[in-house]
Amino acid sequence: MGKKAKKNKKKIEDFKKVKLKVGRKLPKQLNLTNASFTHKSLIIRNQMVDEEDQQLRDQRNRSVSDLISRLSHPTASTREDSLRCLEQLLQSHTCEFIQEFH
């Protein structure tokens, strides 16, 4: 046998199809990727939701701190709207404003 015949025989052996027999499971592939993953739940004990529920809110459900931050907004209409909402909150909840910011 010459060198070419040996090489051809080796190639045929490398790429030879595995014949499956009835009832046997398929062999695992060498390059099989394991795509399973695990997860853990994240528990947040102290959330900010409780604090925000106690804050004063306007008709659009914006807090006082949000309205104050909108006072420095570049758009004039946004600044005017936040001022009007702050005035309405101050007129309707004067005592609570004093307690919250004193």
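Heads up: these notes are all about the structure in this document. Quantities reported herein were computed from a predicted structural model and do not represent experimental measurements.

Parameters at a glance
Residues numbered from 1 in each chain as written. Predicted model: local features only at pLDDT ≥ 70, side-chain atom pairs only at ≥ 80, totals over all residues. Heavy atoms only, no water. Helix = DSSP H or I, 4+ residues; strand = E, 2+ residues; numbered from the N terminus. Polar contact = N/O pair within 3.5 Å; in protein donor to acceptor, adjacent residues only side chain to side chain. Buried < 20%, exposed > 50% of the residue type's maximum accessible area, 1.4 Å probe, protein only. Expected span 1.5 Å × (residues − 1). Arc of directions from axis to C-beta. Contact = heavy atoms within 4.5 Å. Core = buried A, V, L, I, M, F, W, Y, C linked by side-chain atoms within 4.5 Å. Salt bridge = Lys/Arg side-chain N within 4 Å of Asp/Glu carboxyl O.

Things to note about the environment of S92
Structurally, S92 can be placed in helix α4 (residues 76-92). At 3.4 Å, the side chain of S92 forms a polar contact with the backbone oxygen of L89.

Quick word on unusual backbone geometry
Despite not being glycine, N61 shows a phi value in the positive range, around 65 degrees. Take N61: it is sitting in the loop between α2 (49-54) and α3 (64-69). Judged by its relative accessible area of 52%, N61 falls in the exposed class.

Comments concerning α4
For α4, built from 17 residues, the straight-helix expectation of 24 Å at 1.5 Å per residue is met to within 8% by its first-to-last C-alpha distance of 25 Å. Those residues of α4 that sit buried are D81, S82, C85, L86 and L89. Burial along α4 is one-sided: seen end-on, the buried residues are contained in an arc of 135 degrees.

Description of the side chain of S82
By secondary structure assignment, the location of S82 is in helix α4. A polar atom in the side chain of S82 sits 2.8 Å from the backbone oxygen of R79. S82 has contacts with L67, R70 and L71, leaving out every residue within four places of it along the chain.

Re the side chain of D81
Positionally, D81 belongs in helix α4. Polar side-chain contacts of D81 include one of 3.1 Å to the side chain of R60. Beyond its immediate sequence surroundings of up to four residues, D81 is in contact with R60 and R62.

Description of the nonpolar core
Among the nonpolar cores identified, the biggest contains 6 residues, and these are L56, V64, L67, C85, L86 and L89. At the level of secondary structure, the elements contributing two or more residues to this core comprise α3 and α4. When residues in this core are grouped by element, the largest group, 3 residues, is from α4. The residues contacting C85, other than those within four sequence positions of it, are D58, R62 and L67.

Points about the pattern of salt bridges
Tallied over the full model, the rule gives 4 salt bridges. Between D81 and R60 there is a salt bridge, and its shortest N-O distance comes to 3.1 Å. Linking D81 in helix α4 with R60 in the loop between α2 and α3, this pair joins segments that are 21 residues apart in sequence. Assessed through its relative accessible area of 16%, D81 is described here as buried. Among the ionic pairs, R62 bridges to D81, the shortest N-O distance being 3.2 Å. Of this pair, R62 sits in the loop between α2 and α3 while D81 sits in helix α4, and the two are 19 residues apart along the sequence. Of the two residues, R62 and D81, neither departs from the other in class, the shared state being buried. A single network of salt bridges, built from pairs that share partners, joins R60, R62 and D81.

It is worth stressing that arrangement in space is one thing and function is another; only the former is reported here.
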